[in-house]
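Coordinates in review
Chain by chain, the residues:
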Amino acid sequence: MKKEITLDQAVSMVKDGMTVMVGGFLGVGAPLRIMDALAESGVKDLTVICNDTAFPDKSLGKLVVNKQIKKLIVSHVGTNPETGNQMNAGELEVEFSPQGTLAERIRAKGAGLGGVLTTTGMGTLVAEGKPVVNVDGKDYLLEKPLGADIALLGASIADESGNLVYKGTTQNFNPVMAMAADLVIVEAEKVVPVGEIAPEAVHTPGIFVNYIYKRK
């Protein structure tokens, strides 16, 4: 199966109302060209799972500014004032999840787990409405798994089968998101023939990747 697609093809797979995971940390390791194209596409009513909303003029932040997102499940939003403005105005639903918890909830989905137990957030707003499980006399919040219709990820190198390498901190949320979505599209800085990536260097196996867009 040929996995490499065009930017237009990648964007066309994101439909109104979908739940979308977006990799990256303040835009580092994010699928920047795909985000730019989505901001111009007019797609709307998205539920987005991400670490943060970057900046108003970068990556996912552009979708926030355009009001294309109806709900965010996110770790922090402090670098994008527009996110806070829309949240406070009741225009955008925001569910905060501590960063480690967010990563573990995504990982749980990919691993087929029913959730994760954590003490993070106990006694705070994060705990409201969530089940509490007692293990050996200690209470834990049950945080449920997070999955998505589509994951949009960024990679440094992809081979033609979709095996991925992330350089430095670009790895961030990308590997766990690749395992937790029904469809995975990767924006790669470089695409190489199969065999050029040493097996032990692969961060995300190609079996998790449906499509590759080579960043222009």
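Let me sum up the structure you'll find in this document. (Residues numbered from 1 in each chain as written. Predicted model: local features only at pLDDT ≥ 70, side-chain atom pairs only at ≥ 80, totals over all residues. Heavy atoms only, no water.)

Here we look at helix 4 (residues 81-88)
- For helix 4, the complete set of buried residues consists of Thr-83, Gly-84 and Gln-86. Down the axis of helix 4, the buried side of the element spans an arc of 165°, and every buried residue falls inside it. Along helix 4, exposed side chains directed more than 90 degrees from the buried face belong to Pro-81 and Asn-88.
- Elements that come into contact with the buried residues of helix 4 comprise helix 3 (61-65) and strand 4 (69-74). (Buried < 20%, exposed > 50% of the residue type's maximum accessible area, 1.4 Å probe, protein only. Helix = DSSP H or I, 4+ residues; strand = E, 2+ residues; numbered from the N terminus. Arc of directions from axis to C-beta. Contact = heavy atoms within 4.5 Å.)

Describing unusual backbone geometry
- Of note, the phi angle at Asp-45 is positive, near 60°, even though the residue is not glycine.
- Counting through the fold element by element, Asp-45 comes out in the loop between helix 2 (32-41) and strand 3 (46-49).
- Of note, the phi angle at Asp-136 is positive, near 50°, even though the residue is not glycine.
- Inspection of the secondary structure puts Asp-136 in the loop between strand 7 (132-135) and strand 8 (138-143).

What to know about the sheet that holds strand 7
- Here three strands make up an open sheet; going across it, the order is 6-8-7 and the pairing antiparallel. The strands lining the two open edges of the sheet, one partner per strand, are strand 6 (116-118) and strand 7. Ignoring strand direction, the axes of neighbouring strands in this sheet form an average angle of 45°.
- Sheet topology places strand 6 next to strand 8; three bridges connect them, and they run antiparallel. Bridge assignment links Thr-118 to a residue of strand 8, and that residue is Leu-141.
- Here helix 5 (residues 99-111) sits on the sheet and contacts strand 6 and strand 8; the angle it forms with strand 6, its principal contact strand, is near 160°. (Pairing = 2+ DSSP bridges. Axes fitted to C-alpha atoms, helices over the stretch in contact; angles between N-to-C directions.)

A look at the nonpolar core
- Grouped together as the largest cluster of nonpolar side chains are 31 residues, with contacts concentrated most on Leu-38, Leu-152 and Ile-185.
- Those elements that place two or more of their residues in this core are helix 1 (7-12), strand 2 (19-22), helix 2, strand 3, helix 3, strand 4, strand 9 (148-159) and strand 11 (181-192).
- Core analysis: the next-biggest nonpolar cluster, separate from the first, contains 24 residues, Leu-102, Leu-164, Ala-178 and Val-184 among them. (Core = buried A, V, L, I, M, F, W, Y, C linked by side-chain atoms within 4.5 Å.)

Focus: the side chain of Arg-215
- Tracing the backbone through its elements, the reader meets Arg-215 in the segment after strand 12 (211-214).
- At 2.6 Å, the side chain of Arg-215 and the side chain of Glu-187 are in polar contact.
- Look past the residues within four positions of Arg-215 in its chain and what remains in contact with it is Ala-30, Pro-31, Leu-32, Arg-33, Glu-187, Ala-188 and Glu-189. (Polar contact = N/O pair within 3.5 Å; in protein donor to acceptor, adjacent residues only side chain to side chain.)

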